[in-house]
Amino acid sequence: MALTEKGAARRRRRTEALERPDYGWIWKPLLALVVIYLLVVVALGVWWSREPATFDVEQATAEQRGESASSPAARGAVTTATLMSVVSTLRDKPGGYLRNDIAPPGLWLDNMPNWELGALKQAHDLSRALPTMEEGDQPALEEVADRLGGDGRDWLYPSTEHRLEQAFDALDDYLASLGEEGGAGFNAGTGLAAWLEQVGRRLDDLGTRLSASVGNRERLRDLGIDAGELPSRTPWYRVDDIFFEARGTGWALLHLLEAVRRDQADALERADALGEWELLVAELERTQRRLWSPMVLNGSGFGIFANHSLVMANHVIRARDLARELAEALEAPPAGLAVPEAAEEQQPVEPPVEAVERSEDAGGESPPPALASPEEAREDEQAGEPEPLSEPTPEDEGEASEG
């Protein structure tokens, strides 16, 4: 009887275990998977958030031209190749283009997407200025400006990555045409002033938004900023977004300005703008200094914590002023061409010389000096002058005594 009860109890326990299984053990592997996923996502986020390093524009030009790098190219090849390198960096850097990501870890990142926004704006601005710099009509350049425009958060077809690839291919075709015989190339100095004015406007907007993160508006007087015109104070969670947008803007401008200087060195030298151009590049290099803090700080004065936005605003506003000065210098006519025209305007205009016919009724009178030719005037002056008196001779004295 006891054995029967024990067997029935065992069968009942088995039935209950099958009907109501105990899943308490499964949380352990699930927790392990979640921890591994988070570690991988954090590691990828740190890796993808690293800003791309600067590159040499001459080396980038050689790489983009490929086999034709040994042959000479028309003016504008360095600028085009550098713009291609900027576009390829946005597309091919670790993690690719992150601004339009809809899944982690790109969805959780904000520093690198804002860095991409600053670089993409500068690439678009230069692509819009390229047709004004070109001698002839190039449909490829119009296509580049169209592909680099639009919303940078597009993830459906055509996505931003797809448009970046199309812009790169169009620039590649244009660069190949510059290496061919008879390639048009850029005009010397044409379109630079308008592009620099647009650069100045972008930097002015960035400087304003960076300065708006400062709580005490009295500290902005040293930067020459009117605190009354600033927008409302930037929220704390947006301070790093504007800071990294300025970093991306400085990174792209640093390379594009260096490339334009290589292509337009003669035009900049004629405008006496090489010195200010190098100062502008140096100011943008300061925006790329290493950020030692793990986050963007918004401290005050000489306190423990720095104010990274205020330091960045200082460099950005200085770069804005230099860009505007360069635009004005390039818009003004060269000094060597303005002086001769002014000198010609100041030269006195001689009245036209008219020949006057002499008539017998005039009694043989000579024409007025104002109407006579210079040779006739000199002859009339010599004829009208009295002959010098000579000393009397002995014969003249004898004739005078006889008389």
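Residues numbered from 1 in each chain as written. Predicted model: local features only at pLDDT ≥ 70, side-chain atom pairs only at ≥ 80, totals over all residues. Heavy atoms only, no water.

## Thoughts on helix 4 (residues 77-92)
Given 3.6 residues to a turn, an α-helix orients residues that are three or four positions apart in the same direction.
Link 1 in the chain: Its 16 residues place the ends of helix 4 22 Å apart at the C-alpha level, agreeing with the 22 Å of an ideal helix rising 1.5 Å per residue.
Link 2 in the chain: Along helix 4, 14 of the 16 residues are buried, which leaves the element largely enclosed by surrounding structure. (Helix = DSSP H or I, 4+ residues; strand = E, 2+ residues; numbered from the N terminus. Expected span 1.5 Å × (residues − 1). Buried < 20%, exposed > 50% of the residue type's maximum accessible area, 1.4 Å probe, protein only.)

## Observations concerning the pattern of salt bridges
Link 1 in the chain: Counting across every chain of the model gives 19 salt bridges.
Link 2 in the chain: Residue E58 is joined to R262 by a salt bridge in which the shortest nitrogen-to-oxygen separation is 2.5 Å. Of this pair, E58 sits in helix 3 (residues 57-65) while R262 sits in helix 9 (residues 239-263), and the two are 204 residues apart along the sequence.
Link 3 in the chain: For E58, a relative accessible area of 37% translates into the label partly exposed.
Link 4 in the chain: Overall, R262 belongs to the partly exposed group, its relative accessible area being 32%.
Link 5 in the chain: Here R75 makes a salt bridge to D266, at a shortest N to O gap of 2.9 Å. Note that R75 is positioned in the loop between helix 3 and helix 4 and D266 in helix 10 (residues 265-270), a separation of 191 residues in sequence.
Link 6 in the chain: Relative accessible area serves as the criterion here: at 25%, R75 is assigned to the partly exposed category.
Link 7 in the chain: Overlapping salt bridges, with partners in common, bring together E58, E258, R261 and R262 in one network. (Salt bridge = Lys/Arg side-chain N within 4 Å of Asp/Glu carboxyl O.)

## Quick notes on the layout of surface pockets
Link 1 in the chain: Its boundaries defined by the atoms lining it, the largest pocket holds a volume of some 790 Å³.
Link 2 in the chain: It is helix 9 that contributes the most residues to the lining of the largest pocket, 5 residues altogether.
Link 3 in the chain: For the lining of the largest pocket, the per-class residue count stands at 13 nonpolar, 5 polar and 6 charged. (1 Å grid on protein atoms, 1.4 Å probe; cavity = no way out; pocket = protein on both sides within 12 Å on 5 of 7 lines; lining within 4 Å. Points joined across faces, edges and corners; volume = space filled by probe spheres on them. Nonpolar A, V, L, I, M, F, W, Y, C, P; charged D, E, K, R; others polar.)

## Topic: unusual backbone geometry
Link 1 in the chain: Between P104 and P105 the backbone carries a cis peptide bond, its omega angle lying at 0°.
Link 2 in the chain: Position of P105 among the secondary structure elements: in the loop between helix 4 and helix 5 (111-133).
Link 3 in the chain: The peptide bond linking Y157 to P158 adopts the cis configuration, its omega dihedral lying at -5°.
Link 4 in the chain: Position of P158 relative to the elements: it lies in the loop between helix 6 (139-148) and helix 7 (160-179).
Link 5 in the chain: Here the phi dihedral of D272 falls at roughly 55°; this positive angle occurs in a residue that is not glycine.

## Points about the nonpolar core
Link 1 in the chain: One finds W195, L257 and W277 to be the most contacted residues of the largest nonpolar core, which totals 70 residues.
Link 2 in the chain: Those elements that place two or more of their residues in this core are helix 4, helix 5, helix 6, helix 7, helix 8 (192-211), helix 9, helix 11 (274-286) and helix 12 (308-331).
Link 3 in the chain: Broken down by element, the residue count for this core peaks at 12 residues, all from helix 9.
Link 4 in the chain: When residues no more than four places from it in sequence are discounted, the contact partners of W195 are D125, L126, A129, M133, L253, L256, L257, V260 and W277. (Core = buried A, V, L, I, M, F, W, Y, C linked by side-chain atoms within 4.5 Å. Contact = heavy atoms within 4.5 Å.)

## Notes on the UniProt feature "transmembrane region" (unreviewed entry) in the protein
Link 1 in the chain: Mapped onto the present numbering, the UniProt feature "transmembrane region" (unreviewed entry) falls on residues 30-48.
Link 2 in the chain: Between the C-alpha atoms that bound residues 30-48 there is a distance of 27 Å. The span itself is 100% helix and 0% strand. (UniProt positions renumbered as here; feature names shortened; annotations may be inferred.)

## Looking at the side chain of S88
Link 1 in the chain: Looking at the element boundaries, S88 is found in helix 4.
Link 2 in the chain: Accessibility expressed as a relative area gives 14% for S88, which makes it buried.

## A few points about the packing of helix 8 against helix 9
Link 1 in the chain: Here helix 8 crosses helix 9 at 160°, and the two axes come no closer than 11 Å. Relative to helix 9, the element helix 8 lies roughly antiparallel. When you trace helix 8 past helix 9, the crossing you get is left-handed. In contact with L192, W195, L196, V199, L203, L206, R209 and L210 of helix 8, helix 9 contributes I242, F243, E245, A246, T249, L253, L256, L257 and V260.
Link 2 in the chain: Among the residues forming the contact of helix 8 with helix 9, the class breakdown is 14 nonpolar, 1 polar and 2 charged. (Axes fitted to C-alpha atoms, helices over the stretch in contact; angles between N-to-C directions. Parallel < 35°, antiparallel > 145°, perpendicular 65-115°, else oblique. Left-handed = near helix turned anticlockwise from the far one by under 90°.)

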